[in-house]
Amino acid sequence: MALHTRFISIVGFDSAWTDNPRAPGAICVIRLDGDGAHLHLAPRLASFAQALDIIESERSDAQKCLVALDQPTIVPNLTGSRPVDKVAGSLISWIGGGVQPPSRSKKGMFDDAAPIWRFKQALGAKEEPELARSAPSGLFLIEVFPALALAAIESAFCSRLAAPKYNPVNRRRFKISDWQAVAEAIRRFGALNSLRHLDDWCSVAASFEAPSKTDQDKLDALICGLIGLHWLVAPRDQSVMIGDLESGYMIAPATQGVHERLRAAAGQRGVPIA
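Presented here is an overview of the structure given in this document.

Here we come to the packing of helix 6 (residues 176-192) against helix 7 (residues 199-206). Between two packed helices, what matters for the description is the angle formed by their axes and the separation of those axes. Relative orientation of the contacting elements helix 6 and helix 7 amounts to 175°, with a least axis distance of 9 Å. Here helix 6 lies roughly antiparallel to helix 7, going by the angle between them. Facing Trp179, Gln180, Ala183, Ile186 and Arg187 of helix 6, the residues of helix 7 in contact are Asp199, Cys202, Ala205 and Ala206.

Structure (structure tokens):
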């Protein structure tokens, strides 16, 4: 293995939950060094296996590597949903979005043979979010949720039924103005964390007249990467960890504080929120 150079790698991975070769996920890489953060690998489509190859390459060169994954990583419940999903859902449903309930009954997603568990085993990362912030080196994994992040970083998305309709698959609800607004929100969030080489990518994405589902996957991968970057570099009180490492959790930005609906839902269900 090569000697670690002095940079930190943040990998944003929207896995698409299943390992369907016709519908892969997407991945991007942000690197953080003495000169700040920059978009090292622009979002591209990737299967679980391809993501592992990219992460392995990064971890062999980086001092520290953090993988921010848009998929539940701890799913002990046989049916229903996790406590953290109910807490996140309290806000997401209010703004007009949805949370897909993960459970072991979801074949191909979270049953014992699901690709997420093979991915985690092959990855061999530590799933300790707080340690990921402070540790000088190592490979870490955190679960993130782009829809929750968007509500936190853009106030226009965080009001009754104001969730952006930027999924091109849902043609009836999709709005090109929302697609453009998400691209702009990502650009501003990247600027907040001094991420270089992002403006051009977001400008190109915003210019798409008819974005595809793969374009949205790439956009979500970038949001994942930005959540990971924010978790590492921003003051701790600007991020939130909902849930725990036994029943499931999510990491999200909280640039404007933790939303009252999240706090209330967590309190009602006895779910930790920090």
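Back to the text.
Moving on to the nonpolar core. Core analysis: the biggest nonpolar cluster contains 42 residues, and Ile30, Ile142, Ile186, Leu222, Leu226, Leu229 and Ile251 have the highest contact counts within it. Here this core takes nine residues from helix 8 (residues 213-233), the largest share from any one element. By size, the runner-up hydrophobic cluster in this structure holds 24 residues, among which are Phe13, Ala46, Phe48 and Phe110.

Take the side chain of glutamate 58 next. Locating glutamate 58 in the fold gives a position in helix 1 (residues 48-61). Among the residues examined, glutamate 58 registers a relative accessible area of 5% and is labelled buried. Reaching out from glutamate 58, the side chain makes a polar contact with the side chain of arginine 31 at a distance of 2.9 Å. Residues within four places of glutamate 58 in sequence aside, it is in contact with Phe7, Ser9, Val11, Val29, Arg31, His40 and Cys65.

Moving on to helix 7. Of all the residues in helix 7, the buried ones are Trp201, Cys202 and Ala205. Projected onto a plane normal to the axis of helix 7, the buried residues spread over an arc of 95° and lie on a single side. Packed against the buried residues of helix 7 are strand 3 (36-46), helix 6 and helix 8.

Rules used throughout
Residues numbered from 1 in each chain as written. Predicted model: local features only at pLDDT ≥ 70, side-chain atom pairs only at ≥ 80, totals over all residues. Heavy atoms only, no water. Axes fitted to C-alpha atoms, helices over the stretch in contact; angles between N-to-C directions. Helix = DSSP H or I, 4+ residues; strand = E, 2+ residues; numbered from the N terminus. Parallel < 35°, antiparallel > 145°, perpendicular 65-115°, else oblique. Contact = heavy atoms within 4.5 Å. Core = buried A, V, L, I, M, F, W, Y, C linked by side-chain atoms within 4.5 Å. Buried < 20%, exposed > 50% of the residue type's maximum accessible area, 1.4 Å probe, protein only. Polar contact = N/O pair within 3.5 Å; in protein donor to acceptor, adjacent residues only side chain to side chain. Arc of directions from axis to C-beta.

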